[in-house]
Structure formats: structure tokens, C-alpha cells
Amino acid sequence: MVSVREIVSGMKIFERNKVPLEIKIMGIAIYIQTSSIRRTAKIISEFYPVSKSAVHKWIKKFKEKLPIIVEKNI
């Protein structure tokens, strides 16, 4: 069974590893549910300190690879 982490890691979306991949994946999933970068950053910050701009960059990079999944205007 292939995990979401393995799929996203294999897609090579993120170059840097300053923030754990699991946090980035959780941030993308929360954004898809809430459609708010500010709210997503606030929720993720409860687990790991992140900024709105960091979340925005994750979403933008993810959208470049999978534009069908994230159809929000960034």
C-alpha cells in the first residue's frame, strides 16, 4: 500500500525540507477544506510554526503539479 507521503515525495514538489513533508501535506489538505490560507496557517501553527506566505507557496507549488485538485485562485 502506497502512502500519501510517498506519492507527494515522489512528485518532487518541494525542494527544501525545512518544514516536515507531513506538515505541508496537512496544510494542503486543510486548505482544500477551508479555502483560506490565513485559516490554514493558523491551524498548522498549532503543530508547527508556519507563516501565511509559506502556506501560500506550498499551495502554489502543489497546484502547479496537480491543477485539477486545487482549483482555487491563488
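Residues numbered from 1 in each chain as written. Predicted model: local features only at pLDDT ≥ 70, side-chain atom pairs only at ≥ 80, totals over all residues. Heavy atoms only, no water.

**Q** Residues and numbers for the nonpolar core, please.
**A** Membership of the largest hydrophobic core comes to 18 residues, with the highest contact counts inside it found for Val-8, Phe-14, Val-50, Val-55 and Trp-58. Counting only elements with at least two residues in this core, the list comes to helix H2 (21-34), helix H3 (37-44) and helix H4 (52-65). No other element matches H2, which puts 6 residues into this core. Val-8 has contacts with Ile-13, Phe-14, Leu-21 and Ile-25, leaving out every residue within four places of it along the chain. (Core = buried A, V, L, I, M, F, W, Y, C linked by side-chain atoms within 4.5 Å. Buried < 20%, exposed > 50% of the residue type's maximum accessible area, 1.4 Å probe, protein only. Helix = DSSP H or I, 4+ residues; strand = E, 2+ residues; numbered from the N terminus. Contact = heavy atoms within 4.5 Å.)

**Q** Got a sec to walk through the side chain of Thr-40? Specific residues and values, please.
**A** Assignment of secondary structure puts Thr-40 in helix H3. The residues contacting Thr-40, other than those within four sequence positions of it, are Gly-27, Ile-30, Tyr-31, Thr-34 and Val-55.

**Q** Help me get a handle on unusual backbone geometry, residues and values and all.
**A** The residue Ser-35 is not glycine, and still its phi comes out positive at about 55 degrees. Here Ser-35 shows up in the loop between H2 and H3.

**Q** I'd love a proper account of H3, names of residues and values included.
**A** Each full turn of the α-helix corresponds to 3.6 residues, which orients residues three or four apart in the same direction. Among all positions in H3, only Ile-37, Thr-40, Ala-41 and Ile-44 are buried. Seen end-on, H3 carries its buried residues on one side only, within an arc spanning 100 degrees. Exposed residues lying more than 90 degrees from the buried face of H3 are Arg-38 and Lys-42. Of the surrounding secondary structure, the elements contacted by the buried residues of H3 are H2 and H4. (Arc of directions from axis to C-beta.)

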